[in-house]
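The lines below spell out each chain.
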Amino acid sequence: MNPAPRPSLPGALGALTIALAAALAASLAAAPATAAEGGRLLEQADRHTGDGRLAEAVALYRRVLADGSTAERPRALVGLGRALSWQGRHIAATAAYREALALDPDDAEARRGLARVLSWRGHPHEAAALMQAQRRHDPRDREAAWILAESLAWMGRGDRALALLREQVAADPGDERAARERDALQAALRPELRVDLRD
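Residues numbered from 1 in each chain as written. Predicted model: local features only at pLDDT ≥ 70, side-chain atom pairs only at ≥ 80, totals over all residues. Heavy atoms only, no water.

Enquirer: Even after reading the chapter, I still don't get the nonpolar core, so can you show me in this structure?
Expert: What tends to happen in soluble globular proteins is that the nonpolar side chains get buried as a cluster. Ranked by size, the top nonpolar core spans 44 residues in total, and within it Tyr 61, Leu 80 and Met 131 carry the most contacts. The element best represented in this core is helix H3 (residues 54–67), accounting for 7 residues. (Core = buried A, V, L, I, M, F, W, Y, C linked by side-chain atoms within 4.5 Å. Buried < 20%, exposed > 50% of the residue type's maximum accessible area, 1.4 Å probe, protein only. Helix = DSSP H or I, 4+ residues; strand = E, 2+ residues; numbered from the N terminus.)

Written as structure tokens, this is what we have:
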């Protein structure tokens, strides 16, 4: 009985070297190699989010975050938070926005995103506090005014929300969203439109 021939040591090392090189090439292809590549992936993820392709967007944001590049991390976290929130994954979105703010406490987009998700999760007081701070930092921030008004309304402070929206429209007559929300809230608060269902 003849034993099976053993591979030679140089042949085995060569095969191992080739396998390792292939694995390294595959891992480099899977992760952004440069900041420019990371930026390109973020733009693609942002487009996917806008197009409603949220699962693909989340995967791309996570790919950028896995790369470990600190330059792209805050933007990727904000994008991830937005995509997750639109998927209805509010706890994960909250975590992403909080991490973005830990890296850059002045990131207005992260602050607004966190406030919006907190309102949706039933924490309008915390959301309102964030938006009040944002408006102190930038009084012309339209979106912060809308989120603050929404949070105030959910807190049962429709009067304050209405006053804020009126103030926003007076300061910026071109703010159509604030005007629509002001009109809707005003109609909801008008006592003559409330129906008394008692006999």
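Enquirer: Whenever I open this one, helix H6 (residues 108–120) confuses me. Can you help?
Expert: The end-to-end C-alpha distance of H6 is 18 Å, a good match for the 18 Å that 13 residues give at a rise of 1.5 Å each. Along H6, the positions that sit buried rather than exposed are Ala 110, Arg 111, Arg 112, Gly 113, Leu 114, Ala 115, Val 117, Leu 118 and Ser 119. Of the surrounding elements, those touching the buried residues of H6 are helix H4 (73–86), helix H5 (90–103), helix H7 (124–137) and helix H8 (142–154). N-capping of H6 is provided by Asp 107, with a side-chain oxygen placed 3.0 Å from the backbone N of Glu 109. Residue Gly 122 follows H6 closely and has a positive phi angle near 90°. (Expected span 1.5 Å × (residues − 1). Contact = heavy atoms within 4.5 Å. Polar contact = N/O pair within 3.5 Å; in protein donor to acceptor, adjacent residues only side chain to side chain.)

Enquirer: Sorry, what's going on with the packing of H6 against H7 here?
Expert: Helix-helix packing is characterised by the crossing angle of the two axes and by the distance between the axes. H7 packs onto H6 with a crossing angle of 155° between their chain directions and a minimal axis gap of 8 Å. The orientation of H6 with respect to H7, classified from their angle, is roughly antiparallel. Every pair of crossing elements has a handedness; the one defined by H6 and H7 is left-handed. Residues Ala 108, Arg 111, Arg 112, Leu 114, Ala 115, Leu 118 and Ser 119 of H6 form the contact with H7, whose participating residues are Pro 124, Glu 126, Ala 127, Leu 130, Met 131, Gln 134 and His 137. (Axes fitted to C-alpha atoms, helices over the stretch in contact; angles between N-to-C directions. Parallel < 35°, antiparallel > 145°, perpendicular 65-115°, else oblique. Left-handed = near helix turned anticlockwise from the far one by under 90°.)

Enquirer: Got a minute to help me understand the layout of surface pockets in this structure?
Expert: Gaps between atoms show up when a probe of the same size as a water molecule is rolled over them. Its volume calculated, the largest pocket comes out at about 230 Å³. Residue lining of the largest pocket: 14 residues in total, with Trp 146, Ile 147, Glu 150, Arg 177 and Glu 181 positioned closest to the centre. Those elements that place two or more of their residues in the lining of the largest pocket are H6, H8, helix H9 (158–171) and helix H10 (176–189). Here the lining of the largest pocket gets 7 residues from one element, more than from any other, and that element is H8. Among the residues making up the lining of the largest pocket, the classes are represented as 9 nonpolar, no polar and 5 charged. (1 Å grid on protein atoms, 1.4 Å probe; cavity = no way out; pocket = protein on both sides within 12 Å on 5 of 7 lines; lining within 4 Å. Points joined across faces, edges and corners; volume = space filled by probe spheres on them. Nonpolar A, V, L, I, M, F, W, Y, C, P; charged D, E, K, R; others polar.)

Enquirer: Honestly, a nonpolar patch on the surface in this entry has me stumped. Any pointers?
Expert: Together, Trp 86, Trp 120 and Trp 154 line one region of the surface with nonpolar side chains, adding up to about 370 Å² of accessible area. Under the relative-accessibility criterion, Trp 154 is labelled partly exposed at 46%. (Patch = residues over 30% accessible without salt bridge, like charges linked within 9 Å, V, L, I, M, F, W, Y side chains within 5 Å. Areas by Shrake-Rupley, 256 points an atom, 1.4 Å probe, with all protein chains shown as cover. Salt bridge = Lys/Arg side-chain N within 4 Å of Asp/Glu carboxyl O.)

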